[in-house]
Amino acid sequence: MKFEKHFPNDTLKPYIKYYVVSEMDKETEYKVFPISGLVIGFQYKGQLTAIKDNETDKLKSAGVSGLSDSYRLFKNSADIGSVLVYFTETGFSHFASHPVHELFNLSISLDTIFNKNQIHEVEEKLAGSKTDNQRIRIIEQFLCSQLKSIETDRLVTEA
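Calculation notes
Residues numbered from 1 in each chain as written. Predicted model: local features only at pLDDT ≥ 70, side-chain atom pairs only at ≥ 80, totals over all residues. Heavy atoms only, no water. Helix = DSSP H or I, 4+ residues; strand = E, 2+ residues; numbered from the N terminus. Rg over C-alpha atoms; globule rule 2.2 N^0.38 Å. Buried < 20%, exposed > 50% of the residue type's maximum accessible area, 1.4 Å probe, protein only. Areas by Shrake-Rupley, 256 points an atom, 1.4 Å probe, with all protein chains shown as cover. Lys, Arg positive; Asp, Glu negative; His and termini not counted. Charge placed at Lys NZ, Arg CZ, Asp CG, Glu CD. Axes fitted to C-alpha atoms, helices over the stretch in contact; angles between N-to-C directions. Parallel < 35°, antiparallel > 145°, perpendicular 65-115°, else oblique. Left-handed = near helix turned anticlockwise from the far one by under 90°. Contact = heavy atoms within 4.5 Å. Nonpolar A, V, L, I, M, F, W, Y, C, P; charged D, E, K, R; others polar. Expected span 1.5 Å × (residues − 1). Salt bridge = Lys/Arg side-chain N within 4 Å of Asp/Glu carboxyl O. Pairing = 2+ DSSP bridges.

Caption draft 1: Quick look at the overall build of the chain. Looking only at helices and strands, the chain features three helices and 10 strands. A globule of 159 residues ought to have a C-alpha radius of gyration of about 15 Å, and the chain, at 15 Å, matches this closely. Its C-alpha atoms put the chain at 45 × 35 × 30 Å along the principal axes. Taken over 159 residues, the chain has a buried fraction of 42%. As displayed, the chain offers around 9400 Å² of accessible surface, 49% of which is attributable to carbon and sulfur atoms. Each charge class in the chain was averaged separately, 19 positive and 22 negative side chains, and the resulting centres sit 4 Å apart.

Caption draft 2: Layout of the packing of helix H1 (residues 116-128) against helix H2 (residues 132-146). It is the contact of H1 with H2, at a shortest axis distance of 9 Å, that shows an interaxial angle of 165 degrees. The angle between H1 and H2 places the two elements in the roughly antiparallel class. Between H1 and H2 lies a crossing of right-handed hand. Taking contact as the criterion, the partners of Gln-118, Ile-119, Val-122, Lys-125 and Leu-126 in H1 are, on H2, Arg-135, Ile-138, Ile-139, Phe-142 and Gln-146. Residues of the contact of H1 with H2, tallied by class, amount to six nonpolar, two polar and two charged.

Caption draft 3: Region of the structure containing H2. In this model H2 runs 21 Å from its N-terminal to its C-terminal C-alpha over 15 residues, within 8% of the 21 Å that 1.5 Å per residue would give. The set of residues buried in H2 consists of Asp-132, Arg-135, Ile-136, Ile-138, Ile-139, Glu-140, Phe-142, Leu-143 and Gln-146. In this fold, the buried residues of H2 make contact with strand E1 (2-6), strand E2 (16-24), strand E4 (39-45), strand E9 (80-87) and H1.

Caption draft 4: A look at the pattern of salt bridges. Under the criterion given, the structure shown has eight salt bridges. With its nearest N and O atoms 3.9 Å apart, the salt bridge here joins Lys-2 to Glu-23. Of this pair, Lys-2 sits in strand E1 while Glu-23 sits in strand E2; the two residues are 21 residues apart in sequence, bridging distant segments of the chain. Two residues, Lys-45 and Asp-79, come together in a salt bridge whose shortest N-O distance is 3.2 Å. Of this pair, Lys-45 sits in strand E4 while Asp-79 sits in the loop between strand E8 (72-76) and E9; the two residues are 34 residues apart in sequence, bridging distant segments of the chain. Since its relative accessible area comes to 43%, Asp-79 is described here as partly exposed.

Caption draft 5: Here's a closer look at the sheet that holds strand E5 (residues 48-52). Reading across the sheet, the four strands line up as E3-E8-E5-E6 and stay open at both edges, with antiparallel pairing between neighbours. Every other strand in the sheet has two partners, leaving strand E3 (28-32) and strand E6 (55-58) as the edge strands with one partner each. Sheet twist, expressed as the average angle between the axes of neighbouring strands with direction ignored, equals 30 degrees. Where E5 meets E8, four bridges bridge the pair, whose relative direction is antiparallel. Opposite Leu-48, over in E8, you have Asn-76 as the bridge partner.

What follows is the structure in structure tokens.
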């Protein structure tokens, strides 16, 4: 099992807390507890499934999970590898025009928010990457290409 934190480049530091590269050899079911920011996940190998009310939903290899008010249950396939992007509380709004509140309690495909061709390109590059540093660079290039120049409400940031 691997669970390693990496920190964003200077351009992305105001919006992203950190990245996690996670790999698991065995199929595992686990809980994810609520946090204060959104999370984007890219599986570069293996499959992730969401479990809710005893129903399973195979997730796309690139997705986003919104804020939630309770834990979520996931199950990964054996030999899975993922890169997770943990946003600051207001960070995600600098990359997508999709209203963040509409993602509450959801885990959806990233191509519903960003251009499908761009997401597919990132997925292909990640699948061919050999090192964690390469994976982080691929994701940072994608995020930098999506970065929007918007002014964050200072009151929201301070809260």
